[in-house]
Amino acid sequence: WESGKSEEEKKAWFGYQSVKEDEKEGMVKKLFEQVSGKYDIMNDVMSAGMHRCWKDTMVGRLDPQLGKQYLDVAGGTGDVAFRILDALNEKLMTEPPLSATEAGITISDINGKMLEQGEIRYLDRKKAGDAAPVNFKEANAEELPFPDASFDAY
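Here we summarise the structure given alongside this text. (Residues numbered from 1 in each chain as written. Predicted model: local features only at pLDDT ≥ 70, side-chain atom pairs only at ≥ 80, totals over all residues. Heavy atoms only, no water.)

Bringing the overall build of the chain into the picture now. Secondary structure assignment for the chain yields 5 helices and 5 strands. Taken from N to C terminus, the helices and strands of the chain fall in the order β-β-α-α-α-β-α-β-α-β. Principal axes of the C-alpha set define a box for the chain whose edges measure 60 × 35 × 25 Å. Of all 154 residues assigned to the chain, the portion counted as buried reaches 35%. Here the contacts in the chain between residues at least 6 apart in sequence split such that 69% fall between residues at least 24 apart. Entry remark: accessible area of the chain is about 10,100 Å², with carbon and sulfur atoms responsible for 53%. Each charge class in the chain can be summarised by its mean position, and for the 20 positive and 29 negative side chains these summaries are 3 Å apart. (Helix = DSSP H or I, 4+ residues; strand = E, 2+ residues; numbered from the N terminus. Buried < 20%, exposed > 50% of the residue type's maximum accessible area, 1.4 Å probe, protein only. Contact = heavy atoms within 4.5 Å. Areas by Shrake-Rupley, 256 points an atom, 1.4 Å probe, with all protein chains shown as cover. Lys, Arg positive; Asp, Glu negative; His and termini not counted. Charge placed at Lys NZ, Arg CZ, Asp CG, Glu CD.)

Here it is as structure tokens:
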């Protein structure tokens, strides 16, 4: 029992229904496990492709730099992380790295099935000479297992 919270306050929204707060995380995980193989197509359909523009804009504003470490939280299938990698690969072709430190990209997601889809996509697109390796870590965004200041952009 949480002090000061009534039963009504221990509720959370899941779609259009009110559920017990402590059950919501499992319900979300199960939902994303069920759709993981079709998540990218669903994103295209539900946003009419606009999610691609939003992600491109976000990465453009981020302006990824060689030698930096990037963390894509709730990155699942890798859309944002792969855009970061593409931007880094473009920079590698046109400008020498400013340091010997290798760039790195980590995709973190609470859902292992979503990460599996990201790893499959990464293996399909990975090439020798990529500006950064992409790593995958199953983790809850509320309790990330990385030391403070491990990443330059989050």
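A separate point is the nonpolar core. Ile84, Leu88, Ile105, Ile107 and Val134 are the most contacted members of the largest nonpolar core, which totals 20 residues. Elements represented by at least two residues in this core include exactly α4 (79-94), β4 (104-109), α5 (112-125) and β5 (134-138). Tallying contributions element by element places α4 first for this core, with 7 residues. In this structure Ile105 touches Tyr70, Ala81, Ile84, Leu85, Leu88, Ala132, Pro133, Val134 and Asn135, once residues within four positions along its chain are discounted. (Core = buried A, V, L, I, M, F, W, Y, C linked by side-chain atoms within 4.5 Å.)

The analysis is restricted to geometry; functional conclusions fall outside its scope.
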